[in-house]
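# Overview (structure and organization)
Letter by letter, the chains look like this.
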Amino acid sequence: MLSLPRPLVAVLLIVLFVGMLLVPFFGGSYAIKFATRVFVLAIFVVSLDFLIGITGLVSFGHAMFFGLGAYSLYFISPETMAANALFAFPAALLIAGAVAAIIGAICVLTRGFYFIMVTLAFGQMLFSLFHTSRIAGGSDGAYINIKPAISMFGRTLLDFENRFTFYYFCLAALAAVYLLALALTRTPFGRVLQAIRWNEERAGALGFNTYAYKLLSFTFAGAIAGFAGVLFATIDGYVAPDLFGWRQSGIAIMMVVLGGAGTLFGPILGALLYSLIEEVLKTASWVGPIASHWSLALGLLLIGAVLTFPKGIAGLFGRKEGLKVSADQPHITRKVEDARRGQQLEVSGLTRRFDGLVAVDNVSLNLAPNLVHGIIGPNGAGKTTFVNVLSGSMKPTAGNIRLDGENIAGKPAYVIARRGIGRSYQRTNIFLPFTVRENCLIAALARHPSPWRLRSGIFVKQESDAIAHALNVTGLSTRADIRAAHLSHGEQRQLEIAMLIASGARLLILDEPLGGMGPEETGRVMALLRSLAANHTVLLIEHDMDAIFGAADTLTVLVEGRLLAHGKPEEIRRDLAVREAYLGRWGESAS
Amino acid sequence: MTAPILLAEKINTYYGQSHILRGVNFRVMPHETVSLLGRNGMGKTTLLKSLIGLVHPRSGSVELNGMDITGLRPSLVAKAGLAFIPEDRGIFPNLTVAENLTFAARGGRGTRPDWTLERIYSLFPQLAERRSHWGNQLSGGEQKMLSIGRALMTNPDIILLDEATEGLAPKVRDRIWAVLRQITSTGISSIIVDKNLGDLLALAHRHVVMAKGEIVFVGSTEALKSDEALIYRHLGV
Amino acid sequence: MAGTPVPAIIVSEQSAVMDLVLTQIFNGLQYGLLLFLAASGLTLVLGIMGIINLSHGSFYMLGAYLSLTLTSLTNDIFLSLALGIPIAFLFGAAIEWLFIRHLYQRDHLQQVLLTFGLILVFNELQRIIWGTFPHSVPIPSYLSGSVKIFGLMSYPIYRIAVAGLCIVLALAMMFVIQRTKIGRMIRAGESNREMVEVLGIDTQLLFRFVFAAGVTLAAAGGIIAAPIDSVYPGIGESVLITSLVVVVIGGIGSVRGAFVGALLIGLADAFGKVFFPQFATGMVYALMAAVLVARPGGLFGRAA
């Protein structure tokens with residue numbers, strides 16, 4: 001996850017900041033204006049990086065909020081006097097944020113390519129609105145006669161006609177926005193956003209309403225972009241529809257990626273670099289006749305950069321992937337006395353069809369709490385589909401699912417997760433770029449999944465206890481700071497279980513947790529699951545017959561989507577139909 | 001001493017930082033059926049993928065019919081005579097059974113009579129019946145048969161079959177093993193991965209057991225049957 | 001009052017309105033068909049290769065300018081088409097080989113950026129070669145003039161020819177995809193490109209072909225559309241955006257979806273021009289938003 005910048009980077013940023021403080025004393029008025037523009041652009045791209053790099057939403061229409069902020073100043077500024085910045089700036093922020101919330105509500109319904117295209121289209125829509133209509137001068141743009149000023153009680157405190165003053169205001173604004181964004185990434189809200197970036201499905205399955213999180217992120221980013229826009233309009237006192245255009249959005253993406261997406265500081269460097277390149281290509285005397293075709297050079301530079309430096313400038317400061325000894329010691333095993341019981345599951349008539357193929361066929365089942373229930377059957381028997389329907393990642397075609405009496409059939413995955421169901425996956429489905437501890441942290445945060453959590457606050461102790469307990473019990477404490485992608489296969493399976501424990505789920509559904517484990521590990525995991533049954537209900541799909549016959553209290557056999565048998569292991573072993581359909585030779589040799 | 005048809009030496013394959021295959025040496029002789037055994041996650045699929053070229057080993061070499069195929073893209077390895085049938089079968093859902101079968105059909109090197117569409121249909125009568133059905137309208141067992149038939153239509157010298165009968169009902173499994181016996185008797189070499197030890201012991205000439213990315217046993221059927229400790233430890237039966 | 005003749009003025013006003021509406025509908029359909037040409041290429045590249053190619057519109061522009069240059073040499077739009085298609089195909093293959101093939105393993109962001117860079121380069125190259133003034137391309141004499149439709153209104157023959165050509169090309173595309181070997185490879189590549197490679201088909205070459213064919217479709221659209229509107233810098237950009245909207249509405253990878261989506265947009269655009277001239281472009285985006293809310297994967301696409 002995003003952490004505070006490394007010392008080297010922090011020093012660089014501070015040096016840059018101090019340098020910028022001094023520029024107005026040495027540079028001319030052109031340099032001051034140029035730098036102010038860079039600061040404002042940097043604010044804009046930091047907001048875009050929050051969307052792209054932190055949340056994983058690649059928006060190709062972000063400039064529309066920039067434009068809205070800019071145009072707000074035009075609409076708010078009176079003809080003959082300065083607008084009050086204390087009013088105008090927040091107003092621009094709010095207007096941009098409000099529109100972002102509305103447009104975001106639609107855009108965030110989509111993902112991936114569709115999201116890129118939808119945001120592009122909305123940006124163009126706003127562009128054409130301002131371009132072809134008579135609003136604010138249409139394609140000619142409009143002027144803001146007098147730049148805003150900060151005034152209180154009738155006295156002008158800061159007049160932004162003064163380039164000097166505005167320069168420092170923008171620099172301060174940039175620092176503030178960067179620090180705000182950085183702080184946000186370290187709140188529970190920000191951490192979950194990062195989880196959504198790397199594995200949205202998993203985040204939803206843990207209980208987070210990913211739509212709400214993404215929408216909030218989109219709105220926040222849009223509001224900050226609007227703030228950047230109103231500052232931009234103040235620099236020149238002129239607004240034009242091009243501010244909304246996709247070329248502007250594309251250039252912003254360029255700055256984010258060239259600077260290094262997801263670092264928040266990288267895009268600032270990207271904005272600086274881009275502005276310098278543009279300036280040089282346009283005006284340097286040695287460029288000569290090429291100057292009028294500077295965007296050709298820019299395009300080639302961009303292509304070259306994408307091909308050779310995909311991680312951008314910040315990638316040059318990349319941190320080496322390795323062990324980082326955690327500063328705080330994990331809490332000693334304090335047995336978390338969980339006074340809760342497991343949950344009761346009643347399934348009736350559950351069916352799931354796919355285009356004519358019946359994957360789950362009228363299955364009815366009662367699973368008592370605080371027991372280990374095994375589900376076995378040949379591959380393709382519908383076990384994973386059954387479990388997908390239970391956990392909400394698929395909707396049933398028919399039937400009911402009652403969890404402690406409440407019908408949860410058809411509800412979205414995150415709602416079902418909040419009711420207490422947690423699942424692990426057949427193919428390891430964790431947050432690969434995060435460390436083991438961070439994976440468990442996200443799971444623990446799911447106990448209180450509201451997106452409005454901006455302070456770690458009161459739940460920190462409960463969460464860190466849950467994490468420590470989960471790590472201890474699955475034997476991962478010594479690996480807590482290793483990135484999940486570097487774990488062995490067996491350790492990754494254990495991390496899946498640790499996340500379930502950390503999340504506080506009460507009905508655990510485990511899809512082939514023993515995959516890839518040797519006899520000792522298998523024994524340990526099965527013992528763990530049995531001990532978990534004390535205050536959870538455990539549902540287990542497995543192929544390892546020895547393990548499951550030894551540990552399960554009940555067994556359910558699914559074949560071709562139908563429930564073939566259900567009962568105690570000894571009964572199942574003796575059941576002829578089961579033997580014939582599935583156990584075959586194994587059943588015979590065991591009897 | 002005849003030359004092996006497939007020779008892999010000191011294969012080290014990584015997924016990112018994870019060292020999956022550790023110095024694996026593997027060989028298949030002409031007309032030989034080799035079984036590849038081991039639990040999930042031990043590296044069997046990674047080994048097969050390293051042979052077809054879907055993943056490239058960081059070090060080591062692979063030779064097919066004497067030709068160095070290390071690092072070649074899968075289509076070139078396939079054209080050199082190696083057919084890989086993945087665990088999930090890879091049936092094209094938007095093509096019919098007939099289209100799937102003829103998709104990449106090509107002639108063999110002439111050492112054996114070619115597999116033709118007619119021969120495949122007589123080997124798998126169910127596929128003949130459903131030749132105009134879409135790929136996604138078939139059951140699991142039929143898809144498995146289709147994937148095998150499609151591979152045969154490319155007339156390879158060696159077949160790599162990842163999970164021959166996983167998830168299939170016993171009756172279907174028996175049919176697959178019978179078909180595999182017929183196929184291997186035509187002289188084609190093969191590497192077969194499966195969890196059914198008994199069936200593999202009956203079919204394969206030589207057995208290879210993998211654990212944690214390394215080969216822990218290579219030997220005949222007799223040798224494997226008699227090593228009960230190994231069977232328990234690595235195959236869990 | 002039966003039998004009273006309707007005053008002539010009212011009759012001609014009514015038929016004027018009818019004319020306008022009918023003309024717009026035909027224009028909308030013809031525009032939609034042209035849009036289908038461009039969008040089908042985009043959806044194929046996206047669906048089979050998984051590449052977002054923002055420079056797709058630049059190939060439409062290439063077609064338009066090729067039309068300008070070639071027609072001034074050959075004096076016939078169809079000769080220009082015959083010459084332009086191979087030129088566009090080769091150029092597309094070259095671009096794939098030089099740049100696009102490095103994008104297959106990369107994420108959306110990098111694809112977007114690199115192809116955005118291509119737009120910048122292509123736009124400038126166009127300016128350098130052809131300049132910034134708009135040009136017009138003449139309609140061939142045997143297709144000029146108008147014809148009466150339903151005895152009611154006059155409609156330009158060339159536009160009908162364009163629509164017809166688009167339909168012919170659409171049918172040809174359908175034939176290739178459904179009945180030929182390469183079409184099978186394309187369909188298979190859409191569902192499982194790894195398996196296509198494993199079976200012995202060089203997907204690198206397949207992708208080069210698909211990319212070149214996809215952008216050539218756009219270029220063909222540009223060539224035949226050139227005599228209708230003028231040829232000017234930036235002509236490709238609105239085609240790109242609208243094609244993207246078509247792909248979103250129709251569903252990624254679905255040629256059928258591109259057809260339906262393009263026609264819907266053509267009609268929406270026509271509808272907008274008649275009733276809401278100020279916000280005609282807005283209609284298109286409103287349509288897209290509506291489709292997305294109802295079916296996030298597009299009309300014929302897989303769920304997003």
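Quick caveat: nothing in here was measured; it's all calculated off a predicted structure.

## Some points on the overall build of chain B
- In terms of regular secondary structure, chain B is built from ten helices and ten strands.
- Relative to the globule expectation of 18 Å for 237 residues, the C-alpha radius of gyration of chain B, 17 Å, shows essentially globular dimensions.
- Seen through its principal axes, chain B has C-alpha atoms that stretch 45 × 40 × 35 Å.
- For chain B, the proportion of its 237 residues judged to be buried stands at 46%.

## Description of the overall build of chain A
- Secondary structure summary: chain A contains 22 helices and 14 strands in total.
- When the backbone C-alpha atoms are referred to their principal axes, chain A occupies close to 95 × 55 × 50 Å.
- Across the 591 residues in chain A, those meeting the buried criterion constitute 52%.

## Regarding the interface of chain B and chain C
- Across the boundary between the two partners, chain B contributes 18 residues, which contact 14 residues of chain C.
- With four residues, helix H2 (residues 74-79) of chain B is the single largest residue contributor to the side of chain B that touches chain C.
- Across the side of chain B that touches chain C, the residue classes tally to ten nonpolar, four polar and four charged.

## Things to note about the sheet that holds strand S2 (residues 18-28) of chain B
Residue and element names in this part refer to chain B.
- Ordered by their spatial adjacency, four strands build an open sheet running S2-S1-S4-S5, and the pairing between neighbours is antiparallel. On the outer flanks of this sheet lie S2 and strand S5 (67-68), each paired with one strand and no other.
- Here two bridges tie strand S4 (residues 59-64) to S5, and the two strands are oriented antiparallel to one another. Pairing of Glu63 across the sheet is with Asp68, part of S5.
- Against the sheet, helix H1 (residues 44-52) contacts strand S1 (6-15), S2 and S4, and its axis sits at roughly 65° relative to S2.

## Brief notes about the environment of A:Leu48
Residues and elements named next belong to chain A.
- Looking at the element boundaries, Leu48 is found in helix H2 (residues 29-54).
- Sequence separation of Leu48 and Ile253 is 205 residues, and the distance between their C-alpha atoms is 7.6 Å.
- When residues no more than four places from it in sequence are discounted, the contact partners of Leu48 are His62, Ala221, Ala252 and Val256.

## What to know about the nonpolar core
- Membership of the largest hydrophobic core comes to 352 residues, with the highest contact counts inside it found for A:Ile43, A:Ala121, A:Cys440 and B:Leu160.
- Leaving out residues up to four positions away in the same chain, A:Cys440 has contacts with A:Ile467, A:Ala470, A:Leu471, A:Ala498, A:Met499 and A:Ala502.

## Focus on the interface of chain C and chain A
- Each partner contributes residues to the interface: chain C has 34 residues there, and chain A has 38 residues.
- Of all the secondary structure elements, the ones that give two or more residues to the side of chain C that touches chain A are helix H4 (108-130), helix H9 (235-250) and helix H11 (280-294) of chain C.
- With 14 residues, the single largest contributor to the side of chain C that touches chain A is H4(C).
- Considered class by class, the residues forming the side of chain C that touches chain A number 25 nonpolar, seven polar and two charged.

## A short note on the pairing of strand S9 (residues 206-211) of chain B
Residue and element names in this part refer to chain B.
- Pairing between strand S3 (residues 33-37) and S9: four bridges, direction parallel. Among the inter-strand pairings, Leu36 is bridged to a residue of S9, identified as Val208.
- Pairing between S9 and strand S10 (residues 214-220): six bridges, direction antiparallel. Counted as the bridge partner of Arg206 is Ser220 from S10.
- The turn joining S9 and S10, which pair antiparallel and follow one another in sequence, is formed by two residues; a positive phi near 50° is taken by Lys212.

## Description of the confidence of the model for chain B
- With 97% of its residues at a pLDDT of 70 or more, chain B has an overall mean of 90.
- The complex model carries a pTM of 0.84, and its ipTM stands at 0.92.

## Considerations on the pairing of strand S10 (residues 421-424) of chain A
All names here are of chain A.
- Residues Ile421 and Arg423 point to one face of S10 and Gly422 and Ser424 to the other, with burial holding for every one of them.
- Sheet topology note: the S10/strand S11 (residues 507-511) ladder contains four bridges and is parallel. Of the residues in S11, the one forming a bridge with Ile421 is Leu507.

## Some remarks on the environment of B:His207
Residue and element names in this part refer to chain B.
- Residue placement: His207 occurs in strand S9.
- Under the C-beta neighbour-count criterion, His207 is labelled buried, with 21 such atoms within 10 Å.
- Leaving out residues up to four positions away in the same chain, His207 has contacts with Ser35, Leu37, Gly219, Thr221 and Leu224.

## Section: the packing of helix H17 (residues 460-473) of chain A against helix H18 (residues 489-503) of chain A
Residues and elements named next belong to chain A.
- Close contact between H17 and H18 brings their axes to 8 Å; oriented N to C, the two are set at 145°. Once H17 is placed against H18, the crossing between them reads as right-handed. Of H18, the residues touching H17 (which contributes Ala466, Ile467, His469, Ala470, Leu471 and Val473) are Ala498, Ile501 and Ala502.
- Tallied by class, the residues present in the contact of H17 with H18 amount to eight nonpolar, one polar and no charged.

## Some thoughts on unusual backbone geometry
- Its identity as a non-glycine residue notwithstanding, A:Asp404 has a phi of 50°, on the positive side.
- Secondary-structure assignment places A:Asp404 in the loop between strand S8 (398-403) and strand S9 (406-407).
- Judged by local crowding, A:Asp404 falls into the partly exposed class, with 17 C-beta atoms found within 10 Å.
- Even without being glycine, B:His31 reaches a positive phi, approximately 65°.
- Summarising the element assignment, B:His31 is placed in the loop between S2 and S3.
- With 15 C-beta atoms packed within 10 Å, B:His31 lands in the partly exposed category.

## Thoughts on the packing of H2(A) against helix H9 (residues 210-236) of chain A
Residue and element names in this part refer to chain A.
- Between H2 and H9, the shortest axis-to-axis distance is 8 Å and the interhelical angle comes to 170°. As the angle between them shows, H2 and H9 are arranged roughly antiparallel. For the pair formed by H2 and H9, the contact residues are Lys33, Thr36, Arg37, Val40, Ile43, Phe44, Ser47, Leu48, Phe50 and Leu51 on the first element and Ser217, Phe218, Phe220, Ala221, Ile224, Ala225, Phe227, Ala228, Leu231, Phe232 and Ile235 on the second.
- Residue composition of the contact of H2 with H9, grouped by class: 16 nonpolar, three polar and two charged.

## Topic: the sheet that holds S10(B)
Residue and element names in this part refer to chain B.
- Strand order in this open sheet of six strands is S6-S7-S8-S3-S9-S10, and the pairing throughout is mixed. Looking at which strands have only one partner, the edges of the open sheet turn out to be strand S6 (82-85) and S10. Mean inter-strand twist for the sheet, computed between neighbouring axes without regard to direction, equals 15°.
- Along the sheet, helix H10 (residues 228-235) contacts S3, S9 and S10; its crossing angle with S9, the most-contacted strand, is approximately 50°.

## Section: the confidence of the model for chain A
Residues and elements named next belong to chain A.
- Residues of chain A with pLDDT of at least 70 account for 91%, and the chain-wide mean is 84.
- Per-element confidence in chain A ranges from a low mean pLDDT of 55 for helix H22 (residues 576-590) to a high of 95 for H9.
- The model gives residues 320-337 a pLDDT under 50, and that stretch makes 19 contacts with residues more than four places away or in other chains.
- A low-confidence stretch, residues 584-591 (pLDDT under 50), is modelled with nine contacts involving residues beyond four sequence positions or located in other chains.

## Details of helix H7 (residues 170-184) of chain B
All names here are of chain B.
- Between the first and last C-alpha of H7 there are 21 Å, a value that for 15 residues agrees with the 21 Å anticipated at 1.5 Å per step.
- Here H7 has its buried residues at Arg173, Trp177, Leu180 and Ile183. The buried residues of H7 occupy an angular sector of 120° when projected down its axis, which confines them to one face. In H7, the exposed residues that point more than 90 degrees away from the buried face are Lys171, Ala178 and Gln182.
- On the buried face of H7, the contacting elements are helix H6 (140-152) and helix H8 (197-203).

## Digging into the environment of A:His448
Residue and element names in this part refer to chain A.
- Structurally, His448 can be placed in the loop between helix H16 (436-445) and H17.
- Once the C-alpha coordinates of His448 and Phe34 are considered, the two residues, 414 residues apart in sequence, prove to be 46 Å apart.
- Non-local contacts of His448, meaning those with residues more than four positions away in its chain, are made with Arg453 and Phe459.

The rules behind each value
- The numbers attached to residues start from 1 for each chain and follow its sequence in the written order.
- Numbering of ligands from 1 and lettering of chains from A proceed in the order in which they are written.
- This being a predicted model, a pLDDT of at least 70 is required before a residue's local features are given, and a value of 80 or more before pairs of side-chain atoms are given or counted; all residues contribute to the totals for chains, interfaces and linings.
- What counts as a helix is a DSSP run of H or I of at least four residues, what counts as a strand is a run of E of at least two, and both are numbered from the N terminus.
- Computation of the radius of gyration draws on C-alpha atoms alone. For the globule rule, the value is 2.2 Å times the number of residues to the power 0.38.
- Comment: burial labels come from other C-beta atoms within 10 Å of the residue's own C-beta, placed from the backbone, where a count of 20 or more is buried, 12 or fewer is exposed, and between is partly exposed.
- By the convention adopted here, residues make contact when the C-beta atoms placed from their backbones lie within 7 Å.
- Gly counts as polar in this scheme, as do all residues outside two lists: the nonpolar Ala, Val, Leu, Ile, Met, Phe, Trp, Tyr, Cys and Pro, and the charged Asp, Glu, Lys and Arg.
- DSSP calls a pair of strands paired once it identifies at least 2 bridges connecting them.
- Here, axes are lines fitted to C-alpha atoms. For helices the fit covers the stretch in contact, and angles between N-to-C directions go from 0 to 180 degrees.
- Residues enter a nonpolar core if they are buried, belong to Ala, Val, Leu, Ile, Met, Phe, Trp, Tyr or Cys, and are joined to the set through C-beta atoms within 7 Å.
- pLDDT measures how confident the predictor is about each residue, on a scale from 0 to 100.
- Handedness of a crossing is defined here by the sense of rotation of the near helix relative to the far one, left-handed for an anticlockwise turn of less than a right angle and right-handed for a clockwise turn.
- Any angle that is under 35 degrees is reported as roughly parallel, and any over 145 degrees as roughly antiparallel; angles of 65 to 115 degrees are reported as roughly perpendicular and all others as oblique.
- Helix span is expected to be 1.5 Å times the residue number reduced by one.
- The directions considered for the arc are those from the helix axis to the C-beta atoms.

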